[in-house]
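If you want the building blocks of each chain, they are given just below.
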Amino acid sequence: MHRTFEDVRKVGNRAVHEHYADSRAALTAVRDCFSLGLWLHRTLTGEREIRAFLAPEPTGDVADGALLKDLDRYRADLVAARTNLQGKTSRLHAEQEARQAAEAQLAAAAAARAELAALVAQVTALETDLSARAQHPPTVAPRRRDALVERARRASKAPLTELETREAIDEMLRAAGWVVADVADLDLVNHSGVAVRELVLASGRADYGLYVDGTLVGVIEAKREGTSLSTVEVQSDRYATGLTAEQRMNAWRTPLPLRYESTGVETWFTNALEDQPRARQVFGFHRPETVASWMVQSQADPGAPTYRAAYRAGGERAVQAVSLRRDRRAGQGESRHHVAA
Amino acid sequence: MQGDERLRALAQRSANFGFLLAHEPLLVSYGATAESCVYTDPNAALVKARQFGESLADALLSGWGWPGPGRGRSTSSARSMPREP
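Model, not experiment: these values are computed from the prediction.

A.B. asks: What is the right way to look at the overall build of chain A in this model?
C.D. replies: What chain A contains, in helices and strands, is 13 helices and seven strands. A separation of at least 24 residues holds for 58% of the contacts in chain A among residues at least 6 apart in sequence. Accessible surface, chain A: about 17200 Å² in total, of which carbon and sulfur atoms supply 51%.

A.B. asks: What's the story with unusual backbone geometry in this structure? I'm lost.
C.D. replies: With the exception of glycine, the majority of residues adopt a negative phi angle, and the majority of peptide bonds are in the trans configuration. Residue and element names in this part refer to chain A. Positioned with a positive phi, E198 is a non-glycine residue whose angle comes to about 50 degrees. Here E198 lies in strand β2 (residues 193-201). Phi angles above zero are rare outside glycine, and D213 is one such case at about 50 degrees. Tracing the sequence through the fold places D213 in the loop between β3 (204-212) and β4 (215-222). D213 gets classed as exposed once you look at its relative accessible area, which sits at 54%.

A.B. asks: Quick question: what am I supposed to make of the interface of chain A and chain B here?
C.D. replies: One frequent convention defines the size of an interface as the accessible area lost when the parts assemble. With 65 residues of chain A at the contact, the number on the chain B side is 56 residues. Around 5500 Å² of area is buried between chain A and chain B when both sides are counted, 70% of it from carbon and sulfur atoms. On the chain A side of the interface with chain B, the three residues burying the most area are H2, F5 and L40 of chain A, jointly 11% of the side's total. Across the pair R13 of chain B and E115 of chain A runs a salt bridge whose closest N-O atoms are separated by 2.6 Å. Connecting chain A to chain B are six residue pairs in polar contact (both at pLDDT 80 or more). Every element with two or more residues in the side of chain A that touches chain B is listed here: α1 (2-18), α2 (23-45), α3 (65-82), α5 (113-124), α6 (127-133) and α7 (142-155) of chain A. In terms of residues, the side of chain A that touches chain B owes the most to one element, α2 of chain A, which gives 16 residues. Among the residues making up the side of chain A that touches chain B, the classes are represented as 40 nonpolar, 13 polar and twelve charged.

A.B. asks: Please clarify how the sheet that holds β3 of chain A should be interpreted in this entry.
C.D. replies: Residues and elements named next belong to chain A. Across the sheet, seven strands lie side by side as β1-β2-β3-β4-β5-β6-β7; this open sheet has mixed pairing. Across the chains shown, the open sheet's two edge strands, defined by having one partner strand only, are β1 (179-181) and β7 (280-282). For this sheet, the mean angle separating the axes of adjacent strands, direction not counted, is 30 degrees. Of the strand pairs in this sheet, strand β5 (residues 258-262) and strand β6 (residues 267-271) are connected by five bridges, and their pairing is antiparallel. Residue pairing in the sheet places L258 in a bridge with N271 of β6. Docked against the sheet, helix α8 (residues 162-175) engages β1, β2, β3, β4, β5 and β6, running at close to 15 degrees with respect to β3. Relative to the sheet, helix α11 (residues 288-300) contacts β2, β3, β4, β5 and β6, its axis offset from that of β3 by approximately 80 degrees.

A.B. asks: Would you mind showing me how to read the nonpolar core here?
C.D. replies: A general tendency of soluble globular proteins is for nonpolar side chains to be buried together. Core analysis: the largest hydrophobic core is formed by 52 residues, its most contacted members being L27 and W39 of chain A together with L10, L20, F52 and L56 of chain B. When residues of this core are traced back to their parent elements, those giving at least two are α1, α2, α3, α5 and α7 of chain A together with α1 (2-13), α2 (25-36) and α3 (42-63) of chain B. A total of twelve residues in this core trace back to one element, the largest contributor, which is α2 of chain A. Contact partners of L10 of chain B, with chain neighbours within four places excluded, come to L116, L119, V120 and V123 of chain A together with V28, S29 and A32 of chain B. Within the second largest apolar cluster, 22 residues are counted, among which are V180, A195, Y208 and V212 of chain A.

A.B. asks: Any chance you could explain the environment of G209 of chain A here in plain terms?
C.D. replies: Inspection of the secondary structure puts G209 of chain A in strand β3. Taking relative accessible area as the criterion, G209 of chain A reaches 0% and is therefore assigned buried.

A.B. asks: Mind showing me how you'd approach the side chain of E6 of chain A here?
C.D. replies: Residues and elements named next belong to chain A. Structurally, E6 is set in helix α1. Its relative accessible area of 12% is what places E6 among the buried residues. At a separation of 3.2 Å, a polar atom in the side chain of E6 contacts the side chain of R9.

A.B. asks: Any chance you could explain the packing of aromatic side chains here in plain terms?
C.D. replies: The geometry of an aromatic ring pair comes down to the distance between the two centres and the angle between the two planes. As enumerated under the stated definition, the model contains seven aromatic pairs over all chains in all. Relative to F19 of chain B, the ring of F34 of chain A has its centre 6.3 Å away and its plane inclined at 90 degrees; by these criteria the two rings are edge-to-face. Separated into two different chains, F34 of chain A in helix α2 and F19 of chain B in the loop between α1 and α2 make up a pair that spans both. Taken as a pair, F34 of chain A and F19 of chain B share a single burial class, namely buried. With 5.3 Å between their ring centres and 85 degrees between their planes, F53 of chain A and Y74 of chain A make a pair best called edge-to-face. Taken together, the positions of F53 of chain A in the loop between α2 and α3 and Y74 of chain A in helix α3 put the pair 21 residues apart, joining distant regions of the chain.

A.B. asks: What exactly am I supposed to notice about the confidence of the model for chain B here?
C.D. replies: Low pLDDT means the predicted atomic positions in that stretch should not be read closely. All names here are of chain B. Summarising the model, chain B shows a mean pLDDT of 77, and 68% of its residues fall at 70 or more. Mean pLDDT across the elements of chain B ranges from a minimum in helix α4 (residues 74-77), with 48, to a maximum in α2, with 90. Confidence over residues 70-76 falls short of pLDDT 50; this stretch has eleven contacts with residues more than four positions distant or in other chains.

A.B. asks: Even after reading the chapter, I still don't get the packing of α5 of chain A against α2 of chain B, so can you show me in this structure?
C.D. replies: The relative placement of two packed helices is expressed as an angle between their axes plus a distance between the axes. For the pair α5 of chain A and α2 of chain B, interaxial distance at closest approach is 10 Å and the crossing angle is 135 degrees. The angle between α5 of chain A and α2 of chain B falls in the class oblique. The handedness of the crossing between α5 of chain A and α2 of chain B comes out as left-handed. For the pair α5 of chain A and α2 of chain B, the contacting residues are V120, V123 and T124 of chain A in the first and S29, A32, T33 and S36 of chain B in the second. Considered class by class, the residues forming the contact of α5 of chain A with α2 of chain B number three nonpolar, four polar and no charged.

Definitions and cut-offs
Residues numbered from 1 in each chain as written. Chains lettered and ligands numbered in written order. Predicted model: local features only at pLDDT ≥ 70, side-chain atom pairs only at ≥ 80, totals over all residues. Heavy atoms only, no water. Helix = DSSP H or I, 4+ residues; strand = E, 2+ residues; numbered from the N terminus. Contact = heavy atoms within 4.5 Å. Areas by Shrake-Rupley, 256 points an atom, 1.4 Å probe, with all protein chains shown as cover. Buried < 20%, exposed > 50% of the residue type's maximum accessible area, 1.4 Å probe, protein only. Buried area = accessible area lost by both parts, 1.4 Å probe. Salt bridge = Lys/Arg side-chain N within 4 Å of Asp/Glu carboxyl O. Polar contact = N/O pair within 3.5 Å; in protein donor to acceptor, adjacent residues only side chain to side chain. Nonpolar A, V, L, I, M, F, W, Y, C, P; charged D, E, K, R; others polar. Pairing = 2+ DSSP bridges. Axes fitted to C-alpha atoms, helices over the stretch in contact; angles between N-to-C directions. Core = buried A, V, L, I, M, F, W, Y, C linked by side-chain atoms within 4.5 Å. Phe/Tyr/Trp six-rings, centres within 6.5 Å; stacked < 30°, edge-to-face > 60°. pLDDT = per-residue confidence, 0-100. Parallel < 35°, antiparallel > 145°, perpendicular 65-115°, else oblique. Left-handed = near helix turned anticlockwise from the far one by under 90°.

In structure tokens, the structure reads:
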């Protein structure tokens, strides 16, 4: 944010003192102003809604190649921000819709340009009056100010778009040892843990289906940052029960026991193997081998309590017993995942 | 006031700066003005953008109590903005 302020200040100074004039620099400065304004808005309101810069379109032909490239980039950003993957049949379709919406928005802005210019001319005359009114007395309590500073820090990092969220989740899955694949190039034979994007179920579409050793065990629901994850939980529940006939053949258990909800920043996990399942926050996805060991344990002894259930029933000693038994079975202890599980 | 009406009309039509009306009306005016003359008068657009930056920094420092150098030093107020983490 500081750098954006500096950029606007420096290029503005050049304009004042050297009468510097360049449309590309002006467009960049306006875009910087938009970013600063959005940052202020997010700082003051705590809002995390995604807003994209709507670049003014040039009226005549543009010879400046760099300017055209900038305009293309702003258009691409606008499309990315408008891409809404929820409830769409495919990503391509969602992107097409976003592109149409962005084009309509740009066309509407171009059509309203003359009207806007007239209004600008009227309002500019009011600026002296406005700046006289803008002198607020500084009456802010230190506590509120600290909260504001904290929010400003958070606001300098923009919320992820849905496409960025998917990228973040893909990255998290790979880091946990999963192979991320599209349905078309699904290979369940050569990999132990496979996360399949956009898995079509009987009751809708799951953002990711999780296969361990060829068996469908869970789903991941991706959500845009800022959405409340508790409603997603209900949705994941729906996905976890409504499978197609073929998926039921492949499923380890129905309903699918493992359900994740993730924004790419925050991830919640529900394990239906527990006697009283409830969602809890986890720092990442569990590794496929960890899930595989749960499956082995659960099959060997369906009544065996999970780590959490044992903890609730018998306290620390019972947990140690479960933990030891798991370590012996798995051959090597993965204590980190015992904590997360 | 009639001016407020015009300002509100401008804010409604400005996709990039309209949402700032509730925080500081001056920002809507500076931002929309800069935007409107990017191609016709880039120099004026740059000057307006600079005014936007200064006005935003000023508003933060005086109105919302941002910890900075204090009032009446608008040219240096941008320096007290948070740096990139």
